[in-house]
Each structure stands twice: as C-alpha cells, then as structure tokens.
Amino acid sequence: MARIDRDSKKIKETIELIRQYIQLTKTEYDMYFMGINRFPPADKERELKRMFRELQDTVINNTALRFQFKTLRSRYSTLRMFWLRTSKQIEEGTYRKHRVMSKLRD
C-alpha cells in the first residue's frame, strides 16, 4: 500500500509541475505574440511534450489523478492548436493585433 501512495504522490507532483509549465508556456507565448519575445518558447514546449510522454507511459490507478492528467492534456492540446494558428497568422501577416499596431504606426 505504501508503494501506491508514493507513486500517487510522485504522479501528483508531476501533474502539478505540468500545470505550472503550461501556465509558463502560455505566458511566454503571449509575450511572443505581443512582440516582447522574438522567438516562441520551443524549449518549454519540448519539455512539456517530454513530461506528457513520461506520464502517458505510466499507469495511473487513481481516478482523480487520471482525470486531472487527461484534463491537462486536452487543455495543452487546445492551447497548442491556438498557438500554431496564431503563429501561422503572424507569418502570413494576417494576425489582427499586429495589423492594428501597424495601422497605428502609419
């Protein structure tokens, strides 16, 4: 029983770390979209993918932890699609916020 508790504690810590990394990556992408950062946070995204892959291979017996993991995974997936779509708009020059800023400069 003690081993299950230790495993659950480790999984819970990893899930909390993933939650923090998602928030940090979201903040850095927002800064990238505003033009504060010159490059997207690829290193943070790579680390997130690694953590998700690591937990994906782990058997999570605790239903609440499994639910939290799946919720975080779907949240990350949604944010990732948003980041890809926005990055594509920036590359094409159709990103609304950048167009407004350029009109203000003109």
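Here the structure is shown first, and the text comes after it.
Below is a short write-up of the structure. Fair warning: this is a prediction, and the values are worked out from it, not measured in the lab. (Residues numbered from 1 in each chain as written. Predicted model: local features only at pLDDT ≥ 70, side-chain atom pairs only at ≥ 80, totals over all residues. Heavy atoms only, no water.)

Judged by nonpolar contacts, the single largest core of 19 residues is most densely connected at Ile15, Ile18, Ile22, Leu48, Phe52 and Leu55. Counting only elements with at least two residues in this core, the list comes to helix H1 (2-34), helix H2 (42-56) and helix H3 (63-92). For this core, the element with the most residues is H1, which contributes 7 residues. (Core = buried A, V, L, I, M, F, W, Y, C linked by side-chain atoms within 4.5 Å. Buried < 20%, exposed > 50% of the residue type's maximum accessible area, 1.4 Å probe, protein only. Helix = DSSP H or I, 4+ residues; strand = E, 2+ residues; numbered from the N terminus.)

So, about the packing of aromatic side chains. This model, assessed by the stated rule, comprises 8 aromatic pairs. Consider the rings of Tyr29 and Tyr32, whose centres lie 6.4 Å apart with planes at 80 degrees: the pair is edge-to-face. You can see Tyr29 and its partner Tyr32 sitting in helix H1, 3 residues apart, about one turn around the helix. Taken as a pair, Tyr29 and Tyr32 share a single burial class, namely buried. Considering the side-chain rings of Tyr29 and Trp83, the 4.4 Å spacing of their centres and the 10 degrees angle between planes classify their relative orientation as stacked. With a gap of 54 residues between them, Tyr29 in helix H1 and Trp83 in helix H3 connect regions that are remote in the sequence. Of the residues examined, Tyr29 reaches a relative accessible area of 7% and is grouped as buried. (Phe/Tyr/Trp six-rings, centres within 6.5 Å; stacked < 30°, edge-to-face > 60°.)

Geometry only, nothing functional implied.
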